[in-house]
Amino acid sequence: MSSTDNLRLSFEFFPPKSDEGRTKLLAVRDELQKLQPEFFSVTYGAGGSTRDNTKGIVKTFKQDGIAVAPHLSFGGDDEATMKALIQEYIDAGVDRIVALRGDMPSGMGGAYQMVYANQLVAFIREHFGDQLQLEVAAYPEIHPEATSYDSDVGFLKAKFDAGANSALTQYFYSPDAYFYFIDQCDKAGIDKPIYPGIMPILNYRNLIRFSDNCGADIPRWIRKRLEAFGDDQESVKAFGLDLVSELCETLLDNGAPGLHFYTMNQVEPTATIVKNLGLTD
Ligand code: FAD
């Protein structure tokens, strides 16, 4: 692989909570920008818990002329609040949003009304037409709350039918899961790009905790390998870089349209993996 010409790269951040975190993130962004991503994206805490932080950093990116897509979910917000927030983004020059249902924040109980992502996509299209590119989430290993494989694919189709342009997947380490999913989506009549989400491996315990929560499978042989490294972070890192670089290579060689990296707000290892793939000039 030698060029990014037809491959789309995007890099996800979570919003910084402090001035120090913000300064660090902008330095990380400037390094990753050298890899020429199509856009960065910034996550959003369900229930608006990161509203100001997400909005603040997204606006800074736009002021600096950097393509950025805020993640967005209704959470507990009403339509007027959502409309005002989306309009504020558009006024700031944002032209892409990652539209999500999000998860129920703990402690909100039954009072909390979830708005499914297909409804959010329809809401944005109804009120803002085609001013925004809309990305949605997809789950090659199936969303943990889904009642069946087919229903989850069906709800992804509903997001596209409502007007989404493309999807970013939950991370996974089995390329077969992604390619099987793409086939099933194709059979269901989905003809829009589905970009694999790539989670570099930085820390074994965090990865296991994260994966258990979001329903991403860590194949047994990878668990066993990582477990054996114990606290030897250098070995975890080296193994993770090789493994994820190979995963990306397999994905791209077999037709994935690009890659969406969960950067964890770090330059490394995303930059190393992209360089391993030969995707830089
Ligand atoms: P939906 O597509 O609405 O699906 C949620 C569940 O309901 C699924 O089980 C689906 O099968 C089912 N379903 C879907 N539509 C319907 C319907 N109309 N009727 C009945 N059932 C339905 N979380 C955050 O809090 N902040 C973030 O910034 C964030 N960013 C993410 C980025 C990516 C790329 C991904 C993959 C996930 C992200 N998440 C984030 C996590 C996400 O919010 C959770 O996985 C959440 O549980 C589902 O969101 P969704 O948009 O996929 O939901």
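Up top you'll find the structure we're talking about.
So, here's what we can say about the structure. (Residues numbered from 1 in each chain as written. Predicted model: local features only at pLDDT ≥ 70, side-chain atom pairs only at ≥ 80, totals over all residues. Heavy atoms only, no water.)

A closer look at the overall build of the protein chain
Looking only at helices and strands, the protein chain features 10 helices and eight strands. Computed over the C-alpha atoms, the radius of gyration of the protein chain is 18 Å, within 12% of the 19 Å expected from 2.2 N^0.38 for a compact globule of 281 residues. In terms of overall dimensions, the protein chain has a C-alpha envelope of 50 × 45 × 40 Å along the principal axes. Residues classed as buried in the protein chain amount to 49% of the 281 residues present. Sequence separation of 24 or more characterises 78% of the internal contacts of the protein chain that already satisfy a separation of 6 or more. With the model as given, the accessible surface of the protein chain reaches about 13200 Å², and the carbon-plus-sulfur share is 46%. Side-chain charges in the protein chain split into 26 positive and 40 negative, and the spacing between the mean points of these groups amounts to 3 Å. (Helix = DSSP H or I, 4+ residues; strand = E, 2+ residues; numbered from the N terminus. Rg over C-alpha atoms; globule rule 2.2 N^0.38 Å. Buried < 20%, exposed > 50% of the residue type's maximum accessible area, 1.4 Å probe, protein only. Contact = heavy atoms within 4.5 Å. Areas by Shrake-Rupley, 256 points an atom, 1.4 Å probe, with all protein chains shown as cover. Lys, Arg positive; Asp, Glu negative; His and termini not counted. Charge placed at Lys NZ, Arg CZ, Asp CG, Glu CD.)

Quick word on unusual backbone geometry
Following glutamate 268, the chain continues to proline 269 via a peptide bond in cis, the omega torsion being 5°. Notably, methionine 264 is not glycine yet its phi reads approximately 55°, a positive angle. Residue placement: methionine 264 occurs in the loop between strand S8 (258-262) and helix H10 (270-276). Methionine 264 sits in the partly exposed class, given a relative accessible area of 28%.

Quick word on the site of the ligand
As a matter of local geometry, the ligand sits amid 23 residues, with Tyr44, Asp103, Tyr139, Asp152 and Lys159 nearest to it. Interatomic distance of 2.8 Å between a backbone N/O atom of arginine 101 and an oxygen atom of the ligand. One nitrogen or oxygen atom from the main chain of glycine 102 is found 3.3 Å from an oxygen atom belonging to the ligand. For the ligand, the protein covers 86% of the area, taking 960 Å² as the surface of the free molecule. Of all elements in the fold, only helix H4 (117-128), helix H5 (149-161) and strand S6 (166-171) reach the threshold of two or more residues within the shell around the ligand. A class-by-class count of the residues in the shell around the ligand yields 11 nonpolar, seven polar and five charged. (Near = heavy atom within 4 Å. Polar contact = N/O pair within 3.5 Å; in protein donor to acceptor, adjacent residues only side chain to side chain. Nonpolar A, V, L, I, M, F, W, Y, C, P; charged D, E, K, R; others polar.)

So, the sheet that holds S6
As summarised here, the arrangement of the eight strands in space is S1-S2-S3-S4-S5-S6-S7-S8, forming a closed barrel in which the pairing is parallel. Pairwise comparison of adjacent strand axes, ignoring direction, gives a mean angle of 25° for this sheet. Across four bridges, strand S4 (residues 96-99) lies against strand S5 (residues 133-138) in parallel orientation. Along S5, the bridge assignment pairs valine 98 with glutamate 135. Contacts from helix H3 (residues 79-91) reach strand S3 (68-72) and S4 within the one sheet, and its direction differs from that of S3 by about 170°. Packed onto the sheet, helix H6 (residues 175-187) meets S5, S6 and strand S7 (194-198) and runs at close to 155° relative to S7. (Pairing = 2+ DSSP bridges. Axes fitted to C-alpha atoms, helices over the stretch in contact; angles between N-to-C directions.)

A look at the pairing of S4
Residues Arg96 and Val98 of S4 are buried on one face, and the alternating residues Ile97 and Ala99, pointing to the opposite face, are buried as well. Note that S3 and S4 share two bridges and pair parallel. Looking at S4, one finds that leucine 72 is bridged to alanine 99. For the handedness criterion, the β-α-β arrangement of S3, H3 and S4 is classed as right-handed. (Right-handed = clockwise from strand over helix to strand, strands pointing away.)

Things to note about the nonpolar core
Counting residues in hydrophobic clusters, the biggest one holds 81 residues, and the most contacted among them are Ile124, Leu156 and Tyr173. Those residues in contact with tyrosine 173 that sit more than four places away from it in its chain are Met199, Pro200, Ile201, Leu207, Asp217, Ile218, Pro219, Ile222, Leu243, Val244 and Leu247. Of all hydrophobic cores here, the second largest spans five residues; its members include Phe39, Ala69, Val98 and Leu168. (Core = buried A, V, L, I, M, F, W, Y, C linked by side-chain atoms within 4.5 Å.)

Overview of the side chain of glutamine 170
Relative to the helices and strands, glutamine 170 is located in strand S6. When neighbours within four sequence positions are excluded, glutamine 170 is seen to be in contact with Ala138, Tyr139, Pro140, Gly197, Cys214 and Tyr262.

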